Amino acid sequence: MQTITMREALNQAMAEEMARDERVFLLGEEVAEYDGAYKVSQGLLKKFGPKRIIDTPISEAGFTGLAIGAATLGLRPIVEYMTWSFSLVAYDQIVNNAGQIRYMSGGQFSVPIVFRGSSGGGLQVGATHSHTPENWYGSVPALTVITPAFPDDAKGLLKAAIRSNNPVCFIENEKLYGFKGEVPDSDTDFLVPIGKGKIRREGDAITLLGNSASTHRAMEAAETLAKEGIEAEVIDLRTIKPYDFELVAASVAKTHRLVIVEENKPFCGWGAQVAYDIQRKCFDELDAPITRITGLDVPQPYNGKLEAAVMPNEERILAAVHDVLQ
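Just so it is clear, the model here is predicted, and its values are computed rather than measured.

### Here we look at the pattern of salt bridges
Then, in step 1: Evaluation of the coordinates by the stated rule reveals 19 salt bridges.
Then, in step 2: The shortest N-O distance in the salt bridge between Asp 153 and Arg 200 comes to 2.4 Å. You can see Asp 153 sitting in helix H7 (residues 151–163) and its partner Arg 200 sitting in strand S9 (residues 198–201), a full 47 residues away along the chain. When sorted by exposure, Asp 153 lands in the same class as Arg 200, which is buried.
Then, in step 3: In this structure, Lys 175 and Glu 263 form a salt bridge, with 3.2 Å as the shortest nitrogen-oxygen distance.

### Things to note about the packing of aromatic side chains
Then, in step 1: Summed over all chains, the structure comprises 8 aromatic pairs.
Then, in step 2: These aromatic residues form a ring-pair network of at least three members: Phe 63, Tyr 81, Trp 84, Tyr 91, Phe 115 and Tyr 137.
Then, in step 3: Seen from the ring of Tyr 34, Lys 39 lies directly overhead, with NZ or CZ sitting 3.5 Å from the centre.
Then, in step 4: Here the basic side chain of Lys 281 rests over the ring of Phe 245, its NZ or CZ set 4.8 Å away from the ring centre.

### Comments concerning the sheet that holds strand S11 (residues 232–236)
Then, in step 1: If you walk across this open sheet you meet the 5 strands as S9-S11-S10-S13-S14, and the pairing is mixed. Edge positions in the sheet fall to S9 and strand S14 (291–293), since each has one partner strand and no second. When the angles between neighbouring strand axes are averaged without regard to direction, this sheet yields 25°.
Then, in step 2: By the bridge criterion, 3 bridges tie strand S13 (residues 258–261) to S14 in an arrangement that is parallel. Bridge assignment links Ile 260 to a residue of S14, and that residue is Arg 292.
Then, in step 3: Each of S9, strand S10 (206–210), S11 and S13 touches helix H9 (residues 245–255); the most contacted strand, S11, lies at about 175° to it.
Then, in step 4: Here helix H10 (residues 270–281) sits on the sheet in contact with S10, S13 and S14, set at roughly 160° to S13.

### As for the pairing of strand S4 (residues 76–81)
Then, in step 1: Within S4, 6 of the 6 residues are buried, which leaves it mostly tucked inside the rest of the structure.
Then, in step 2: Here S4 shows no split at all, with Arg 76, Ile 78 and Glu 80 on one side and Pro 77, Val 79 and Tyr 81 on the other all buried.
Then, in step 3: In this structure, strand S2 (residues 24–28) lies alongside S4, joined through 5 bridges in parallel fashion. Residue pairing across strands places Phe 25 opposite Pro 77, the latter belonging to S4.

### Regarding empty space enclosed by the protein
Then, in step 1: Within this structure, the stated rule accounts for 1 cavity of 30 Å³ or more.
Then, in step 2: Of the voids in this model, the largest cavity is the one considered here, and its volume is about 50 Å³.
Then, in step 3: In this structure, the largest cavity is lined by Ser 119, Thr 132, Glu 134, Thr 147, Ile 171, Asn 173, Asn 211, Ser 212, Ala 213, Ser 214 and Glu 263.
Then, in step 4: Contributions of two or more residues to the lining of the largest cavity are made by strand S7 (168–173) and helix H8 (212–227).
Then, in step 5: The dominant element in the lining of the largest cavity, judged by the number of residues it contributes, is H8, at 3 residues.

About the cut-offs
Within every chain, residues take consecutive numbers counted from 1 along the sequence as written. Residues qualify for local features only when their pLDDT is at least 70, as the model is predicted, and side-chain atom pairs are given and counted only at 80 or more; totals for whole chains, interfaces and linings, by contrast, use all residues. Side-chain calculation: all heavy atoms of the structure are included, whereas hydrogens and water are not. For this document, the term salt bridge refers to a Lys or Arg side-chain nitrogen within 4 Å of an Asp or Glu carboxyl oxygen. A run of H or I in DSSP counts as a helix once it spans at least four residues, and a run of E counts as a strand once it spans at least two, with each numbered from the N terminus. With a 1.4 Å probe rolled over the protein chains alone, any residue whose accessible area is under 20% of its type maximum counts as buried; one over 50% counts as exposed, and the rest are partly exposed. In summary, the pairing rule links any two rings of Phe, Tyr or Trp, Trp by its six-membered ring, whose centres are within 6.5 Å, and it sorts them by plane angle into stacked for under 30 degrees, edge-to-face for over 60 and tilted for everything else. By the criterion adopted, a ring carries a charge over it if an Arg CZ or a Lys NZ lies within 6 Å of its centre and within 35 degrees of its normal. Pairing between strands is defined by DSSP: at least two bridges between the two strands are required. For helices, the axis comes from a line fit to the C-alpha atoms of the stretch in contact; other axes are also lines fit to C-alpha atoms, and the angle between any two N-to-C directions lies between 0 and 180 degrees. Throughout, a contact is declared for two residues whenever any of their heavy atoms are within 4.5 Å. Both site types are read off a 1 Å grid over the protein atoms alone. A 1.4 Å probe that fits but cannot get out defines a cavity, while an open set with protein on both sides within 12 Å along at least five of seven lines defines a pocket; lining residues have an atom within 4 Å of a point. Grid points are joined across faces, edges and corners, and a volume is the space filled by probe spheres set on the points.

See below:
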């Protein structure tokens, strides 16, 4: 095992898949000469050359469309957005081209493509650079949506995404790029299955469900609750679409209470779908209403204190848990 950061894990995943399959290539703004805006592609230009690590103009709609066309013709592109907020410029290409070509062509074309880049608030970059968009793309039937929280999952899931024959939105939280964890260092076929969550902490009093950075907030709250004698079970969803309903349902059957922690805004968030599914299929297992802790329904503030107040945090999670346990 090796202890590396999430950005290093992502870099390894791309390097290994590019070495394994010559059809894989990376394109995006500053991915080559500058080694990536967040240094995720560091060193890849030197290893694979300018035909496979391609700097693009500041034109998300253009290079996204180009990559989708390449995918339909048999290549396997990785598109890096400097931030997922900029993917909105290419929303039509992602949703109507990548997301619909296979269906609209009657299966004549596949679109094996990965869209990836940074997301999330909490870094004081303003409302237009702080989106947490997994719920938006999760509403598109053909798109797979992945949101890793730990370096080993980042590597294994990105490798699985690159090998997928379907379009994948791989949404990396910017706050986690420097987070370190253990990752296998000798298995180039290390894959994490898409669509499977993971129990990060065992417990029997209440289930805390998170993804990406909100998993870490849930873990912090669980540690505090343990000091109070409350053993919370923490589930890291990992994949938003499709999500691991069976894992969540089994945990709720054990704890009989569910608090969902998600960084995106409350209206139409992925947690709303999970809450609906659990109450519809597991209603008799619940001893209290399901509670959601989300970002507040306001544009993301630039001011640091205001931004911290609108995002999920330990204080809000603890208050929700105590309310549910009453």
